[in-house]
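# Examination of the molecular architecture
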Amino acid sequence: MKRTPIPRRHALACLASLAVASPLWAQTPWPSKPIRLVVPASPGSGPDVMARLIGDRLARRLGQPIVVEPTPGASGILGADKALNAPPDGYTFLFGFNQLMTMNLHIYAKLPYDPVRGIAPVSLISKGGYVLLAGPSVPFDDVAGMIKHARAHPGALVYASFGNGSAPHLGMELLKQRADIDLLHVPYRTSAAANTDLMANQIHVKIETQSSAVPLVRSGKVKALAVTTGTRMSALPEVPTLKETVPGFELTGWNAVWAPAGTPANAVDQMSRAIQATLQEPELRKRLGDMGIDPQGSMPGELDQLTVQESAQWGKLIREKGIKAD
């Protein structure tokens, strides 16, 4: 099989990031001032809450404040642009999600950031799945019921996502294909806005990140129809997997930290190691677990490898479905 150029370009980006670290940078203590952690999601969302929990502990470990900056919009593109085009001085990082580096480059003809050569991988944060949610008044309580209703009323059920080409959008399109149903897509600027309308029965269903979905389900304000992981979630053990009804269907997501390409190697390495150590703290692991989050942590090279592999997988699906951003 012919090797795609993506892995090679990722490798070159990593080498370039290391190469620009001059002896002056290597001798400069890091960190010596506050660190910005840009989150491409709305305030109060799952990623924002997770970033603040981790950031508070990272700040104590590193001895400098961590300033979390939620920057929602355009399926995370606005936040990624803000972080990855910041000066590569080791004081701005992106607390993002897989879509930014593995899906967007296949969907958008032009991005304001370079997800291949413009990034320096730092560390994986968490892995998890999604939850298929429904509004409290829909006339079904499980996936089989949703499919039956959708087939009886083609195009009547409305599903939301936080933008064209987002992971929830692609996941629902894949579900439509596998279940042979017709649903109407309504993209929102933020997932939080879509959740508000879901709870108010203005929309019918949506795929939501695990960290944001678990509190909503536990509050009783929405229905959980299924989880998208291969096995049931420990945080929602009573909720079946989607593949129990639609064989073979799985959708996973992950969060990670990246820096702008050219960030000093010592800053990338120290931030990576600090994140990994922080994610091992028992109290933090418990709090994240209560939110349905599975903390991970990784070296930069491991994150880069995961990014390259998933980019190839999602690129194939996006091409097959002909999905492009409007």
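Residues numbered from 1 in each chain as written. Predicted model: local features only at pLDDT ≥ 70, side-chain atom pairs only at ≥ 80, totals over all residues. Heavy atoms only, no water.

## Let's talk about helix H10 (residues 210-219)
Counting buried positions along H10 gives seven out of 10 residues, so the element sits mostly inside the fold. All of the buried residues in H10 are Gln210, Ser211, Ser212, Ala213, Val214, Leu216 and Val217. For H10, the secondary structure elements touched by its buried residues are helix H3 (46-62), strand S4 (119-134), helix H9 (191-199), strand S7 (205-209), strand S8 (223-227) and helix H12 (282-290). Glycine 220 sits one or two positions beyond H10 and adopts a positive phi of about 80°. (Buried < 20%, exposed > 50% of the residue type's maximum accessible area, 1.4 Å probe, protein only. Helix = DSSP H or I, 4+ residues; strand = E, 2+ residues; numbered from the N terminus. Contact = heavy atoms within 4.5 Å.)

## Re the pairing of S8
Along S8, five of the five residues are buried, which leaves the element largely enclosed by surrounding structure. Bridge count between S4 and S8: four bridges; the pairing is antiparallel. Residue pairing for S8: valine 131 is matched across the bridge by valine 227. (Pairing = 2+ DSSP bridges.)

## Considering the confidence of the model for the protein chain
For the protein chain, the mean per-residue pLDDT works out to 88, and 91% of the residues sit at or above 70. Between residues 1-9, whose pLDDT stays under 50, and residues either more than four places distant or in other chains, the model counts eight contacts. (pLDDT = per-residue confidence, 0-100.)

## Description of the packing of helix H8 (residues 167-179) against helix H13 (residues 300-321)
Close contact between H8 and H13 brings their axes to 12 Å; oriented N to C, the two are set at 60°. When the interaxial angle is binned, H8 and H13 end up oblique. Here H8 runs over H13; the crossing is left-handed. Counted together, Leu170, Glu173, Leu174 and Gln177 of H8 and Trp314, Leu317, Ile318 and Lys321 of H13 form the full contact between these two elements. Considering only residue class, the contact of H8 with H13 consists of five nonpolar, one polar and two charged. (Axes fitted to C-alpha atoms, helices over the stretch in contact; angles between N-to-C directions. Parallel < 35°, antiparallel > 145°, perpendicular 65-115°, else oblique. Left-handed = near helix turned anticlockwise from the far one by under 90°. Nonpolar A, V, L, I, M, F, W, Y, C, P; charged D, E, K, R; others polar.)

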